[in-house]
Amino acid sequence: MRAGWLALGVAAVVFIAAGLSRISFNVDILKLLPTHLPQVEGLSLFLKKFAQPRELVVTLEGDSAENVEACADEIAKILAAEPQLVSRAVARPPWEKSPADLAELLAYLLLNQPPPQIAELTARLTPENAPATVQATLEKLNDSVSPQEIAMRSYDPYDLAAPLLSSGLMSGGQQSEFSSADGKFRVLYIESAQAFRSYKDTIAWLREVRAKIGDIPVRHGCRLGFTGEPAFVADISASTEWDMKSSGFVTLLVIALIFWLCYRRARPLFDLQVMLVLIFTLTLATAGLFLEQLTVIGVGCAAIMIGLSVDYGYFVFQRAQQHAGTVRELQRLCLQNIVWTSSTTATAFFALNLSSLPGLAQLGNLVGIGVVIGAIVMLTVFAPLTMRFHRRGEMREPSPVEKFVVTPGFFRIGAWFTVAVIVLLLGTLAIKGLPGVDFSARSLRPRVSEAYTALDRLSERLTDERDLLSLVVRGQDETEVRERLTRAEAALAAAKESGDVRGFRTALPIWPDVANQKANLATLAALAPEIPRLKQTMQTAGFNDEAFALTESVLKQWAAWAGRPPPIWPDNESSRWIFRRAAHRGDGQLLAMGMVQPVPGREDALAAAVEGEGVYLVSWSRLGLQLKHVIPREFIQVILGLSAAVLIILGIAFRSARAVGLFAVTTLLVLACLAGAMSLFGMQWNFFDLAAVLLLLGTGTDYSILLLLALRRNGGDAPAAQRELALVIVLCCSSAAAGFGTISWANNLGLASLGQTCALGLVIDALISLFLLPRAWAWLHRPKVLPA
Amino acid sequence: MLRVLPLAALLFTAAALPAAEFDFAPVKKWIAKQDDFRAVSADFTQTRSLRALKSPLAQTGRLWFKAPNHFRWELGRPAKTIVLRKGDTIYMIQPGKKRAERSAASATPDKPSPMQAFGMMSMPFARDFADFQRQFETLAISTDGPRCHLEVLPRTPTAKKYLSALKLDFNTQTGHLLAFEMATRDGSALRNEFSNVEVNPKLPAAIFDFDFTGYEVVDAKN
């Protein structure tokens, strides 16, 4: 027997170690949302492929452009000297360091041009035309009043860039992704030397980067901000870990306090706490082994799970107090109640899988697993422990709380108090109406996040993309993406004509044109042998050698590509930098990006015109609108389905239409009061509150079920049923409300809102179930007075 | 992202410049004198010393200015390029191509005014000495008789990125501008030498007008 327990213990330790070692967090809030929605799909593609997982974005702001620039340069220099920490620290565009890099990009862009334009270009370079071409450039250098034209033509005597003039590629801009126009806001891009294996790696790396930066910003009078993927991971993971630990710990503490107040017993309290930690650990290990990465919502399960599992512990302990038989008899006595309540609770939580919100589904799975494990642990491990005290004669006099909760006064005051609460909440509902609705993406964001703050500031000062739509185009190869980009650009141009779009920019001008590349490459590569002649012609006209550097590099680049089959992509450092947020290759697909500035209110019409297969026009605000349409409808379906399932289960359990009807009325009254309470406290419905309704159906209904079962056991004696269960329900409600309540300060706003709504709902449910339901049962089952 | 090619040509390191105390008296006097100029006409010779060329390019032209904001600048004789300011709009006219580009005259933090971009001096150069100090960092001042040589650098980050200095020569007694040079960081320079300067002449309104009939007028891309 002892060997059996030992083997079981070792297996549990191995299971827990294996499971916990596999736990990882995913901070991508899109993981919480239905992946079948086009907005979620498009935004996921955008964030996954164009957000750089190893790139920290450091924002610097100060009162003087010179100081901010000096600060950025110093930080970049300090970090660049730490190759084990940082692979790249970029404070300026790479082509500022090596302008010659841009020859590759120019060669590539020309290679993509239509063959007739390339024919014109090559015609300008023939021995007959080259002198006139150079002479025309000299005249333009003398006549032009455009600094850009002078700058470009000085280093392009054969006017190679002419085909690009109409494409907008040659236009300059003062603002860049590195600096605001006034220079007082700058951005540094810092790439980690190593890929991050876990969020702890990310947090440690970020801490080290901060240490290296030290007091540089203070010395330059600058303010620093950190954003980008590593900053988000560190920010959200750290706060999530803290939320989970603190809410779990506080819940345990509150449970201990309640237990002590009620029973004033140290040993059972200790055992109960050990059981809760065991349940939590086993559940987390199970999640680590069988579920994917935990989302921020999933980890909110800790407190909820503890708050729910302890219910079974209280029930077992309370029954053990009055039990004189064996452990097996106690287990049998508790089995029916625990099976019915845990099955409805677990069903409710597992039913969250019917929702298309993966975050909620994960929360449901975690808590569902936790509830099942909790029921098993309390019945198999805790029940024998409680009987041990009984056998040792350690039972004692009831505590003042135990005595108080069985007095008629408690039930009378409780009933009046409950009626007053119901009147207040239903009155509020009648006067103020249903609570407001907020289906924006706000509820998915953390309450406090340095990374979000820095990103918002970056949007304000550098690239205000908050009202922009991101165009994401996906395809299997370059040609497919180009076709889709071309169609999207045509639709956008038409939308601009019709007034639905203020402006747009897509990756089309820099996207490879495979057909043109095939047609042009041989012609352009054949120009390389002409380099000496072209150089001589240019020198004769009055240009320096320096003026030929760009032309020579471009001609040599074409020759270098001659043996390579199209599609050809530029791949030096400057080109990679330019393309990194415009094009993505890999994972068997290609993606292109664009930005669209819509006319407010015309987004839907625009999307209808532009979106098609593999073409997404996405933004957080459009995502919110789409969710607003889809999620409530879906939740209503899930709630109706779950309600039907619960009613069927209870129909089988009670075999009484009146009992099931009473249960249904109680639940409806609880939901109406909850709506009133939310109106009273100015709370708004969001996605997570819809889930809260679902959770209340699973957890809060336990109280009604327990009461209805107790009423049957006691032959309809309402006071007896109340006395039997008052303490259990007070304990369960306090613990579950504490569990949900502790996540109301979670950093994730949606999770916090879920906690508040559930805690409120549970308290209302407990009040109505304990104080009014038995009276309603007694009234319904009152003896009929026969006429004399 | 896509707008890098023309800018790359201008990227060169700045020379470190020592801070110094200057005698601003001639500058203050010159700025004060500018209030007297309600109109100006002058001939000029523009010399472009481009780093990519073995020898400078020279071109003559003529300019007219009338307070507060009328301006015409003709480059070449006959004019190959005309820059004309009408109210808040500046036109860059190419008579040979029958084409004109239109842009806003006012500068913003992220966009210098076309006047600055074209390498032409704004008139007036500064409203007063305080305005001068707010706009420019002084690099050098030297005098040779009535001729004063002033070198400044605009304080805006954009201008600093591309310019190494603005150089002005003026007569401290008459207040006439003698030469204006824009030196860029790539070692190129664009210098205007003024001659036949007439102060407060009676300028016909037609000088500051232009008949665009038959012209293609487009908005400048930047």
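Source: prediction; values computed, not measured.

**Observations regarding the overall build of chain A**
Within chain A, the secondary structure is distributed over 30 helices and 13 strands. Out of the 788 residues belonging to chain A, those deemed buried represent 49%. Looking at chain A alone, contacts between residues at least 24 apart form 83% of all its contacts between residues at least 6 apart.

**Here we look at the overall build of chain B**
Tallying secondary structure elements over chain B gives five helices and twelve strands in all. Counting all 222 residues of chain B, 29% fall into the buried class. Nonlocal contacts in chain B, meaning residues at least 24 apart in sequence, comprise 47% of its contacts between residues at least 6 apart.

**Regarding the sheet that holds strand E8 (residues 147-154) of chain B**
All names here are of chain B. Strands sit in the order E7-E8-E9-E10-E11-E1-E2-E3-E4-E5-E6-E12 across an open sheet of twelve strands; the sheet is mixed. With partners counted over all chains shown, the strands left at the sheet margins are strand E7 (136-144) and strand E12 (216-219), one partner each. Pairwise comparison of adjacent strand axes, ignoring direction, gives a mean angle of 20° for this sheet. In the sheet, strand E9 (residues 163-171) pairs with strand E10 (residues 177-184) via seven bridges, with the strands oriented antiparallel. Bridging from a neighbouring strand, leucine 163 pairs with threonine 184 of E10. In the packing of helix H2 (residues 25-34) onto the sheet, contacts are made with E7, E8 and E9, and the angle to E8 comes to roughly 90°.

**Re the packing of helix H14 (residues 327-350) of chain A against helix H25 (residues 620-654) of chain A**
All names here are of chain A. One can describe the packing of H14 onto H25 by two numbers: an axis separation of 10 Å at closest approach and a directional angle of 165°. Between H14 and H25, the angle falls in the class roughly antiparallel. Regarding H14 and H25, the two cross each other, and that crossing is right-handed. Contact with H14, carried on its side by Trp340, Ser343, Thr344, Thr347 and Ala348, involves Leu642, Ala645, Val646, Ile649 and Ala653 of H25 and no other residues of that element. Split by residue class, the contact of H14 with H25 holds seven nonpolar, three polar and no charged.

**Examining the pairing of strand E2 (residues 57-66) of chain B**
Residue and element names in this part refer to chain B. As judged from the ten bridges shared by strand E1 (residues 39-49) and E2, these two strands associate in the antiparallel manner. Bridging across to E2, threonine 45 finds its partner in threonine 60. Relative to strand E3 (residues 70-75), E2 is paired through six bridges, and the arrangement is antiparallel. Counterpart to lysine 66 in the pairing with E3 is histidine 70. Turn length for the E2-E3 hairpin, with the two strands adjacent in sequence and antiparallel, is three residues.

**Looking at the environment of Asn747(A)**
Residue and element names in this part refer to chain A. With respect to the secondary-structure elements, asparagine 747 resides in the loop between helix H29 (718-742) and helix H30 (749-780). Considered as a pair, asparagine 747 and serine 239 are 508 residues apart in the sequence and their alpha carbons are 6.4 Å apart. With residues up to four places along the chain from it excluded, the contact list for asparagine 747 reads Ser239, Asp243, Pro446, Arg447 and Val448.

**Some words on the sheet that holds strand E3 (residues 86-90) of chain A**
Residues and elements named next belong to chain A. Strand order in this open sheet of four strands is E3-E4-E2-E5, and the pairing throughout is antiparallel. Of all strands in the sheet, those with a lone pairing partner are E3 and strand E5 (222-227), marking the two edges. Across this sheet, the average inter-strand angle for adjacent strands is 20°, counted without regard to direction. Where E3 and strand E4 (residues 185-192) come together, four bridges link them in antiparallel fashion. Each bridged residue has a counterpart across the sheet, and for valine 90 the counterpart in E4 is tyrosine 189. Against the sheet, helix H11 (residues 229-263) engages strand E2 (55-62), E4 and E5, with an angle of about 95° to E2. Strands E2, E4 and E5 of the sheet are contacted by helix H18 (residues 450-461), whose axis makes an angle of about 110° with E5.

**Comments concerning the confidence of the model for chain B**
All names here are of chain B. For chain B, per-residue confidence averages 80 on the pLDDT scale, and residues scoring 70 or more make up 82% of the total. Of the regions scoring below 50 in pLDDT, residues 1-19 engages in 43 contacts with residues more than four places distant in sequence or in other chains. Taken together, the chains of this predicted complex give a pTM of 0.67 and an interface ipTM of 0.78.

**Side note on the nonpolar core**
Residue and element names in this part refer to chain A. One finds Leu106, Val316, Ala592, Ala691, Leu694, Leu707 and Ile729 to be the most contacted residues of the largest nonpolar core, which totals 198 residues. Counting contributing residues per domain, this core is built from domain 1 (234-444 + 623-780) and domain 2 (469-512 + 569-618), each supplying no fewer than three. Leave out the neighbours within four places in its chain, and alanine 691 touches Leu352, Leu360 and Leu754. In this structure, Ala89, Leu206, Val209 and Ala231 belong to the second largest nonpolar core, which totals 32 residues.

**Remarks on helix H7 (residues 130-143) of chain A**
Every α-helical turn comprises 3.6 residues, leaving residues that sit three or four positions apart pointing alike. Here H7(A) spans 20 Å end to end across 14 residues, near enough to the 20 Å set by a 1.5 Å rise per residue. Listing the buried residues of H7(A) in full gives Ala130(A), Thr133(A), Val134(A), Thr137(A), Leu141(A) and Asn142(A). In the core, the buried residues of H7(A) are packed alongside helix H6 (115-124), helix H8 (147-154) and helix H21 (531-541) of chain A together with E1 and E2 of chain B.

**Some details on the packing of helix H19 (residues 478-498) of chain A against helix H24 (residues 603-610) of chain A**
In a pair of packed helices, the angle between the axes and the distance between the axes together describe the arrangement. All names here are of chain A. Contact pair H19 / H24: the axes reach a minimum separation of 9 Å and the direction vectors enclose 145°. Crossing of H19 against H24: the hand is right-handed. Of the residues in H24, those in contact with Ala488, Ala491, Leu492 and Ala495 of H19 are Leu606, Ala609 and Val610. The residue makeup of the contact of H19 with H24, split by class, is seven nonpolar, no polar and no charged.

**Some points on unusual backbone geometry**
Of the consecutive residues Pro566(A) and Pro567(A), the connecting peptide bond is found in the cis state with omega at 5°. Examined against the element boundaries, Pro567(A) turns out to sit in the loop between helix H22 (549-561) and helix H23 (573-579). Even without glycine at this site, Lys98(B) takes up a positive phi of about 50°. Position of Lys98(B) relative to the elements: it lies in the loop between strand E5 (89-94) and strand E6 (99-104). With a phi angle near 50°, Asn196(B) is a residue other than glycine that sits in the positive phi range. Its place among the elements puts Asn196(B) in strand E11 (residues 189-199).

**Focus on helix H17 (residues 408-432) of chain A**
Residues and elements named next belong to chain A. The first and last C-alpha atoms of H17 sit 36 Å apart over 25 residues, in line with the 36 Å expected at 1.5 Å per residue. Listed in full, the buried residues belonging to H17 are Phe411, Thr418, Leu425 and Leu429. Lining the buried residues of H17 we find helix H26 (657-680), H29 and H30.

**Description of the environment of Ala664(A)**
Looking at the element boundaries, Ala664(A) is found in helix H26. A sequence separation of 37 residues divides Ala664(A) from Thr701(A), and the C-alpha atoms of the two residues are 9.5 Å apart.

So, how was this worked out
Residues numbered from 1 in each chain as written. Chains lettered and ligands numbered in written order. Predicted model: local features only at pLDDT ≥ 70, side-chain atom pairs only at ≥ 80, totals over all residues. Helix = DSSP H or I, 4+ residues; strand = E, 2+ residues; numbered from the N terminus. Buried ≥ 20, exposed ≤ 12 C-beta atoms within 10 Å, placed from the backbone. Contact = placed C-beta atoms within 7 Å. Pairing = 2+ DSSP bridges. Axes fitted to C-alpha atoms, helices over the stretch in contact; angles between N-to-C directions. Parallel < 35°, antiparallel > 145°, perpendicular 65-115°, else oblique. Left-handed = near helix turned anticlockwise from the far one by under 90°. Nonpolar A, V, L, I, M, F, W, Y, C, P; charged D, E, K, R; others polar. pLDDT = per-residue confidence, 0-100. Core = buried A, V, L, I, M, F, W, Y, C linked by C-beta atoms within 7 Å. Domains from an automatic or database assignment. Expected span 1.5 Å × (residues − 1).

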